[in-house]
Amino acid sequence: MPSYDAWNTGEATQIVASFAGRDGAALPMLHALQERFGFIDKAIVPVMAEALNLSRAEIHGTITFYHDFRDHLPGRHTVKLCRAEACQSRGAVALHRQMMEKLGVDWHGTTVDGAITLQPVFCLGLCANAPAALVDDEPVGNLDSSAIDAMIAEARA
Amino acid sequence: MITIYVPCDAAAIACGANKVAAALLAKLVPDISIVRTGSRGLFWLEPMIEVATPEGRIAYGPVKPGDIDSLIAADFLNGGDHLLRLGKPEEIPYLARQTRLTFERCGVVDPLSITDYRAHGGYAGLEAAIAMEGEAITEMVKASGLRGRGGAGFPTGIKWNTVRLAQADQKYIVCNADEGDSGTFADRMVMEGDPFMLIEGMTIAGLAVGATKGYIYIRSEYPHAFKTMSRAIEIATREGALGPSVFGCGRAFTLEARLGAGAYICGEETSLLESLEGRRGVVRAKPPLPALEGLFGLPTAVNNVLSLATVPYVLAHGAQAYADYGMGRSRGTLCIQLGGNIKHGGLIEVAFGMTLREAIEDFGGGTASGRPIRAVQVGGPLGAYWPESLFDTPLDYEAFAAKAGLVGHGGIVVFDDTVDLAAQARFAFEFCAAESCGKCTPCRIGAVRGVETMDKIIAGTDVDKNMTLVSDLCQTMTDASLCAMGGLTPIPVVSAMTHFPGDFVPAPLRIAAE
C-alpha cells in the first residue's frame, strides 16, 4: 500500500527545485510530487511556473491534461481496471459493472470506507492474460468474479 | 547449487510468478539460486519456470505455488517428469516455429546483467558501429529494409538520414515507448526482458545521426518496464556503455527514461515531444518534421522500441541477413502479439508474410472460451475488425492496407461469437473522445458525435439515417483530422459496419433475423 506525506508546500517547493536544470522537467516534477503527497495541490502551480519560467496557465494546462495527475488523495489502494479491447473480449465490461456494484462507486470513485479508488485504464500490455488490472502497481491477470472478491477483501483487510 | 529461471515480466507476475519465486526459495534454499528473466512470451504457460540441467534448460508451467511440493517429489531439479513438464523451451512447437531475431534473448537472460547480455551476442552491433561513419551506419539500416515498427512502417534508415544531414549543435534520439495500443505488449517485453538491446540500438542511432542525448518515453501503465529500463541505464552508464565516451570511442551518448502520465495520444510522435518538453500532449502540425525540428526544436529521430531494438541485429549480422526475411516491401520479422479471447496468447516473431489465420489458428489454437472466432481486430484500437473471410491475408503492411486494414504494431485481438460489433464501433468513438488531444475539431467533436449517433443506432432510432450520418462523419474525420488518432478512428467503425452489418440493425429485427 502506498503511503503519502501530508501536503506541505515548503517540501513541495524543494522537490520542484531538485529538478532545476533538467530539460522539460514538468512531468518528472509532477510525478515526484504525486509520489510523495498522493496528489498535486494547486498551491504548487505558481512555484512551478516560477521554476520553469512558464505561465501559471501553462502549468495548470499541463497538470490537467494528463489522466494520472490528481487534485485529491486517492483511497488506500488504487485499482486500475483495463477497459481496452483485449480485456473486453474476455468479459471485462460485465466484470467491471459487477465490481462497481459491489463497491458502490463509478469510475474514478473511492469507496466510502476509503479502501479502494477505481480507475479506468486503456491497456496494461497484459492482453494475453485478460481481463487484467493493476492493484497499486502490482499486475493481476485472468480476472474473474472470485479474483475480484479476493482483491476487494484484501484491500479492505 | 541449481539455477532456476523465473520470469519477472509483468504478465508473468500477473499470473503469480513472484509468489512462485518466493515459494521456491522458502522450500529449497540453499540448494537453488533463482535468476529472474524476461518472458519467452508463451503467456498461457506463465508462470513458466526453467531449471538448468546438464542437458540444458527444462521448462515447467504454468506453475502455481501449490505445485512446488509435487515438483520436488518428481525431482524437477534434475529435469524429472511431471504433469507440468514442458521439456526444452526452445523445442516447444510455439517457439520452435518462430524466427527470433529481436526476441532472441528475451526470457533467456537476466535483463539486468550486462555480462549475460554480452555472452549472448550483445554489444556486437555497437562495436561494429563504433568503427563506422554515421553515413555507413545509416546506409546499412536503409539496406536492411527495416521499417518503423510503431505502426506507420516508415523506413528507419531514411528517417535517420534526414536527421544526420540536418545541421545543429544538438540532436536527439527519442524512443517512443508509449505502447498504448490494446493488444500489444512487445515493447513492454523488450524493456522488461532485454533492456540493454534497446540501449544499444539507441546508442547506434546516436552514432549514426550525430545525436549525443536520448530519451525513452515510457507510459505510466508500465511501471515495471520503467523500473527495469531505468536500472539498465544506470548499469550501462556505470559500465561505460553510455556516457561522455561510449566504450572509450570518444563519442558521447547519454540516456534518460521518462515516465508518461496516462495519455494515449502521447504515442503520436509530435504529442510525445510536447510531453517530453513538459507541456500538454497536444499534437503539432507537420511539417516541420521532427527529424528537422523535433525535441526542443532540434533535429530528432523518433523511433519505436522494436525498431531501435532491431538495429543491433542489423549491425551485428549485416543488412542482408535481416533483409533475407520477409515479403515484398516488408522486410525482416514482424513481432505479432496475440491476445484477447485466445487459447495460446503470446509473442510470435516470424518473417513478414504469415497469414492471419496461421497466427490465430495454428499458433493461437482458437478462442480461450472454446466458442467460434467471429472477429479479430489487428493493429490496436485504430485497427480494423475483420471477419473470418479475410483471415488468409498475409501479415504485411501493403497486403493489409489493400484491404482497408493496418498491421500497426502487430497486435491481434481475438473475439468469439458473443461480440457485438455495434458496441465495438461505439467504443472506438468513446475511446477517441476520451483520448483526443482536442486540437482539431474532427477528432475532438467528431468522436463525441460518433458516440451519440452510435447510441441512437443501437437504440434502433432512425437506423438508416444515422448509419449514413456515421459514414459521413467517418469520412470527415479521415479527411480532416490532424493526426492518426482522429484520422484512423473511422477504421474500426467502418470495418465493423462493412463486415458485420447484421449487428447494426435494431435489436428486435436482429432477433427476427436469427
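Please read all numbers here as calculations on a predicted model, not as lab measurements.

Q: I would appreciate a short explanation of the overall build of chain B in the present structure.
A: Counting secondary structure elements, chain B contains 22 helices and 16 strands. Expected size for 514 residues packed as a compact globule is a radius of gyration near 24 Å; at 24 Å, chain B falls within 12% of this value. In chain B, once contacts between residues fewer than 6 apart in sequence are set aside, the share between residues at least 24 apart is 71%. Of the roughly 17800 Å² of accessible surface on chain B, 55% is carried by carbon and sulfur atoms. Across chain B, 44 positive and 57 negative side-chain charges occur, with their mean positions spaced 3 Å apart.

Q: Just to check I follow, could you spell out the domain arrangement of chain B for this structure?
A: All names here are of chain B. Examined at the domain level, chain B breaks down into domain 1 (2–96), domain 2 (114–323), domain 3 (326–416) and domain 4 (421–513). Facing 9 residues of domain 2, the contacting portion of domain 4 comprises 7 residues. In this assembly, domain 2 packs against domain 4 so that about 710 Å² is buried in total across both faces, 75% of it on carbon and sulfur atoms. Ranking the residues of domain 2 by area buried against domain 4 places Tyr264, Ile265 and Val283 at the top, with a combined share of 63%. Our enumeration of links across domain 2 and domain 4 arrives at 0 salt bridges.

Q: What's the story with the side chain of Asp187 of chain B in this structure? I'm lost.
A: Residues and elements named next belong to chain B. With respect to the helices and strands, the residue Asp187 is situated in helix H9 (residues 186–193). For the buried Asp187, which has no salt bridge, the nearest side chain bearing the opposite charge is Arg219, at an N-O separation of 8.6 Å. The residues touching Asp187, leaving out its near neighbours within four places in the chain, are Asn176, Glu179, Asn304, Val305, Leu306 and His409.

Q: Mind showing me how you'd approach the interface of chain A and chain B here?
A: Many descriptions give the size of an interface as the accessible area lost when the pieces come together. Across the boundary between the two partners, chain A contributes 38 residues, which contact 62 residues of chain B. Counting each side, the surface lost to burial between chain A and chain B is near 3700 Å², with a carbon and sulfur contribution of 55%. Its largest share of buried area at the contact with chain B, chain A owes to Phe65, Glu85 and Phe122 of chain A, together 19% of the area lost on that side. On the surface where chain A and chain B come into contact, there are 2 salt bridges. In this structure, the salt-bridge partner of Glu430 of chain B is Arg83 of chain A, at a minimum N-O distance of 3.1 Å. Counting residues per element, the ones that place at least two in the side of chain A that touches chain B are helix H2 (26–37), helix H4 (56–65), helix H5 (85–88) and strand E4 (138–140) of chain A. Of the residues belonging to the side of chain A that touches chain B, the class tally is 18 nonpolar, 12 polar and 8 charged.

Q: Would you explain the sheet that holds strand E7 (residues 213–218) of chain B in this entry?
A: Across a sheet, paired strands are connected by hydrogen bonds in the backbone, their directions being either parallel or antiparallel. Residue and element names in this part refer to chain B. Across the sheet, 4 strands lie side by side as E8-E7-E6-E9; this open sheet has parallel pairing. Every other strand in the sheet has two partners, leaving strand E8 (254–259) and strand E9 (300–304) as the edge strands with one partner each. Neighbour-to-neighbour, the strand axes of this sheet turn through a mean angle of 20°, independent of strand direction. Against the sheet, helix H10 (residues 195–209) makes contact with strand E6 (172–177), E7 and E8, and its axis sits at roughly 145° relative to E6, the strand it touches most.

Q: How do you make sense of the nonpolar core when you look at a structure like this?
A: Burial of nonpolar side chains together is a common tendency in soluble globular proteins. Of all hydrophobic cores here, the largest spans 155 residues; its most connected members are Leu33 of chain A together with Trp160, Leu198, Ile199, Ile216 and Phe504 of chain B. With 10 residues, the top contributor of residues to this core is H10 of chain B. Once you skip the residues sitting within four places of it in the chain, Trp160 of chain B turns out to touch Ile137, Thr138, Val141, Ala205, Ala208, Val209, Ala301, Asn303, Leu308 and Val311 of chain B. Among the nonpolar cores identified, the runner-up in size contains 34 residues, and Leu338, Ile348, Phe363 and Phe391 of chain B belong to it.

Q: Can you help me understand the packing of helix H17 (residues 421–435) of chain B against helix H21 (residues 490–499) of chain B in this one?
A: When two helices pack together, their arrangement is captured by the angle between the axes and the distance separating the axes. All names here are of chain B. Packing of H17 against H21 leaves a shortest axis separation of 8 Å and a crossing angle of 165°. On the basis of the axis angle, H17 is roughly antiparallel to H21. You can see that H17 and H21 cross each other, and the crossing is left-handed. Where H17 abuts H21, its residues Leu421, Ala425, Ala428 and Phe429 lie against Pro492, Val493 and Ala496. Partitioned by chemical class, the residues of the contact of H17 with H21 number 7 nonpolar, no polar and no charged.

Q: Any chance you could explain the sheet that holds strand E1 (residues 77–82) of chain A here in plain terms?
A: Residues and elements named next belong to chain A. The sheet built from 4 strands is open, its strands ordered E2-E1-E3-E4 with mixed pairing. Strands at the two margins of the open sheet, each flanked by one partner only, are strand E2 (116–121) and E4. When strand polarity is set aside, the average angle formed by the axes of neighbouring strands in this sheet is 25°.

Q: Explain the environment of Gly383 of chain B to me, please; I cannot follow it from the model alone.
A: Residue and element names in this part refer to chain B. Mapping Gly383 onto the fold places it in the loop between strand E14 (373–378) and strand E15 (385–386). According to the relative accessible area criterion, Gly383 is buried, its value standing at 0%. Gly383 sits 109 residues away from Pro492 along the chain, and the two C-alpha atoms are 5.6 Å apart.

Q: How should the pattern of salt bridges be read in this particular structure?
A: Where charged atoms from two side chains of opposite charge approach closely, those side chains can pair. Residues and elements named next belong to chain B. On inspection of all chains with the given rule, the structure shows 33 salt bridges over all chains. Between Lys286 and Glu269 there is a salt bridge whose closest N-O contact spans 2.9 Å. Here the residue Lys286 occupies a position in the loop between helix H12 (269–276) and E9, and Glu269 occupies one in helix H12, the gap between them amounting to 17 residues. By relative accessible area, which is 42% here, Lys286 ends up partly exposed. Glu430 serves as the salt-bridge partner of Arg426, at 3.3 Å between the closest nitrogen and oxygen. Of this pair, Arg426 and Glu430 both sit in helix H17, 4 residues apart, which is roughly one turn of the helix. Given the relative accessible area of 23%, Arg426 is considered partly exposed.

Q: Sorry, what's going on with the packing of aromatic side chains here?
A: Here a ring pair, both rings aromatic, is described through the centre-centre distance and the interplanar angle of the planes. Under the defined criterion, the tally for this structure stands at 21 aromatic pairs over all chains. Ring centres of Phe352 of chain B and Tyr397 of chain B lie 5.4 Å apart, and the angle between their planes is 45°; this geometry places the pair in the tilted category. With Phe352 of chain B in the loop between strand E13 (346–351) and helix H15 (356–363) and Tyr397 of chain B in helix H16 (residues 397–402), this residue pair connects regions lying 45 residues apart in the sequence. Of the aromatic side chains, those joined through ring pairs into one cluster are Phe122 of chain A together with Tyr264, Phe427 and Phe431 of chain B. If you follow Arg57 of chain B out to its NZ or CZ, it ends over the ring of Tyr5 of chain B, 3.5 Å from the centre. Arg219 of chain B extends its terminal NZ or CZ atom over the ring of Tyr222 of chain B, reaching a point 4.8 Å from the ring centre.

The rules behind each value
Counting from 1, residues in each chain are numbered in the order their sequence is written. Think of it this way: whatever chain is written first is A, whatever ligand is written first is 1, and the rest follow in order. Local features are withheld for residues below a pLDDT of 70 in this predicted model, meaning they are given only at 70 or higher, and side-chain atom pairs are given and counted only at 80 or more; totals for whole chains, interfaces and linings count all residues. As a rule here, side-chain values cover all heavy atoms of the structure and leave hydrogens and water aside. In this text, helices come from DSSP runs of H or I with a minimum length of four residues, and strands from runs of E with a minimum of two, each type numbered from the N-terminal end. For the radius of gyration, the atom set is restricted to C-alpha positions; the globular benchmark scales as 2.2 Å times the number of residues to the power 0.38. By the convention used here, residues are in contact when the closest approach between their heavy atoms is within 4.5 Å. Each accessible area is a Shrake-Rupley estimate made with a 1.4 Å probe; only the visible protein chains count as cover when residues are assessed. For this count, His and the chain ends are skipped, Lys and Arg are scored as positive, and Asp and Glu as negative. The location of each charge is read from NZ of Lys, CZ of Arg, CG of Asp or CD of Glu. What counts as a domain boundary in this text is fixed by an automatic or database domain assignment. By convention, the term buried area covers the 1.4 Å-probe accessible surface removed from two parts as they join, with the contributions of both added. A pair is scored as a salt bridge if a Lys or Arg side-chain nitrogen falls within 4 Å of a carboxyl oxygen belonging to Asp or Glu. Three labels apply to residues, based on accessible area from a 1.4 Å probe with only protein chains included: buried if under 20% of the type maximum, exposed if over 50%, partly exposed otherwise in between. For this classification, Asp, Glu, Lys and Arg are treated as charged, while Ala, Val, Leu, Ile, Met, Phe, Trp, Tyr, Cys and Pro are nonpolar and the rest, including Gly, are polar. In this scheme, strands are said to pair when DSSP sees at least two bridges between them. Orientation is described by lines fitted to C-alpha atoms, with helices fitted over the stretch in contact, and by angles between N-to-C directions that extend from 0 to 180 degrees. Grouping buried Ala, Val, Leu, Ile, Met, Phe, Trp, Tyr and Cys residues that are joined through side-chain atoms within 4.5 Å yields what is termed a nonpolar core. Orientation is classified from the angle alone, with under 35 degrees giving roughly parallel, over 145 giving roughly antiparallel, 65 to 115 giving roughly perpendicular, and any other angle giving oblique. In this scheme the handedness of a crossing depends on how the near helix is turned from the far one: anticlockwise by less than a right angle means left-handed, clockwise means right-handed. Only Phe, Tyr and Trp rings take part, Trp by its six-membered ring, and two of them pair if their centres are within 6.5 Å. Stacked means planes under 30 degrees apart, edge-to-face means over 60, and tilted covers everything else. In this scheme, the term charge over a ring applies when either NZ of a lysine or CZ of an arginine sits within 6 Å of the ring centre and within 35 degrees of the ring normal.

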